[in-house]
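Architecture at a glance
Chain by chain, the residues run as shown.
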Amino acid sequence: MADDGMTYAEHIADLVGNTPLVRLSSVTDGIDCTVLAKVEYLNPGGSVKDRIALRMVEAAEASGELKPGGTIVEPTSGNTGVGLALVAQKKGYKCIFVCPDKVSEDKRNVLRAYGAEVVVTPTSVPPDHPDSYYSVSDRIAAETEGGWKPDQYSNQNGPASHYDTTGPEIWRDTAGRITSFVTGIGTGGTITGTGRYLREVSADREGGRVQIIGADPEGSVYSGGTGRPYLVEGVGEDMWPEAYDPKVVDEVIAVSDADSFEMTRRLAREEGMLVGGSCGMAVVAALRHARTLPADAVVVVLLPDSGRGYMSKIFDDGWLASYGFRKGSTEQTVGQILE
Ligand code: PMP
């Protein structure tokens, strides 16, 4: 912030983190304890991924991997790309993002709007194929002078950013009263870093330490699945990334697409929070967990991104119907699969 009596940030990237907690009050019917949402779409790039972007870039500058005028190359279709792009602007780096062709033109245009170059690769090839988005990003990073690939799936600065920011913010804002933390698992960075901090800080607390609960799409490996397809974006995996430490997690709750989308619609309509599908998923898991807890429990659930990126999907009744979900009109929620 400026020191001339006025209050302003020097750059939008300086506003990453310090997101608020908001109590959920409508979707919590039948639950006795307090359920608080950590609203990550209020980050400047619109998602939790701004945190890891900033930390990964600053660590690469410190280690010399990223040099002045360098180029950031990452396979990403959305949130991490936006975070990297706005940090890159502040610091004068170029960005090249590699997206599979299943990613909508709208999402690619968001990345281009921030000044990034977008390279599109075919979706229907295995990860080790030379045209896969992993292989193409490796090749571009190696062949571009000053190229650097953050690799959010293995970069330990992802979990470290949450250990240093997300965890302490939640502990501070709940005055150390949080009893459970619930979040979706994608790269695993959020749950690993935040969970590790909250476990450590509460380790000797009277009444026991904070419970760390993962939310996972049905079919993903974290909840024992085989990687079978699901529609919720940004969470679940078909392999185990290095950014994820399962030892930090007490329980993983699997949630269906239908339940995730219904809750996503309810959060917009009843709580005034237009959020993405992985937020609905995390809230379903948080409420299932909260139902088992006494009135003095405090559950914090992290909401990773905004619903703006999903208007033609989760918030479109025709799209939902095309996948066999019941229409989500204003009176009626997605609820059940018709089949
Ligand atoms: N939700 C969305 C929309 C995401 O983009 C991500 C990140 N892939 C997550 C949840 C999960 O976060 P993490 O990668 O830290 O596990």
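Data block above holds the structure.
Computed from a predicted model, the values in this text were never measured in an experiment.

Turning to the site of the ligand, a few remarks are in order. Around the ligand, 15 residues are found, and the nearest of them are Gly186, Thr187, Thr190, Gly234 and Ser278. Split by residue class, the shell around the ligand holds three nonpolar, 10 polar and two charged.

Turning next to the sheet that holds strand β5 (residues 117–121). A sheet is described by the order of its strands in space; here four strands give the open sequence β5-β4-β3-β6, paired in parallel fashion. A single partner strand is all that each edge strand has here, and the edge strands are β5 and β6 (147–148). Here strand β4 (residues 94–100) runs beside β5; their pairing, made up of five bridges, is parallel. Pairing of Phe97 across the sheet is with Val118, part of β5.

Another aspect to go through is unusual backbone geometry. Positive phi, normally seen in glycine, also occurs at Asn18, with a value near 55°. When you line up the elements, Asn18 lands in the segment before β1 (21–23). Located in the positive-phi region is Ala175, a residue other than glycine, with phi close to 50°. Tracing the sequence through the fold places Ala175 in the loop between α5 (157–173) and β7 (180–184).

Conventions adopted
- Residues numbered from 1 in each chain as written.
- Predicted model: local features only at pLDDT ≥ 70, side-chain atom pairs only at ≥ 80, totals over all residues.
- Near = placed C-beta within 6 Å.
- Nonpolar A, V, L, I, M, F, W, Y, C, P; charged D, E, K, R; others polar.
- Pairing = 2+ DSSP bridges.
- Helix = DSSP H or I, 4+ residues; strand = E, 2+ residues; numbered from the N terminus.

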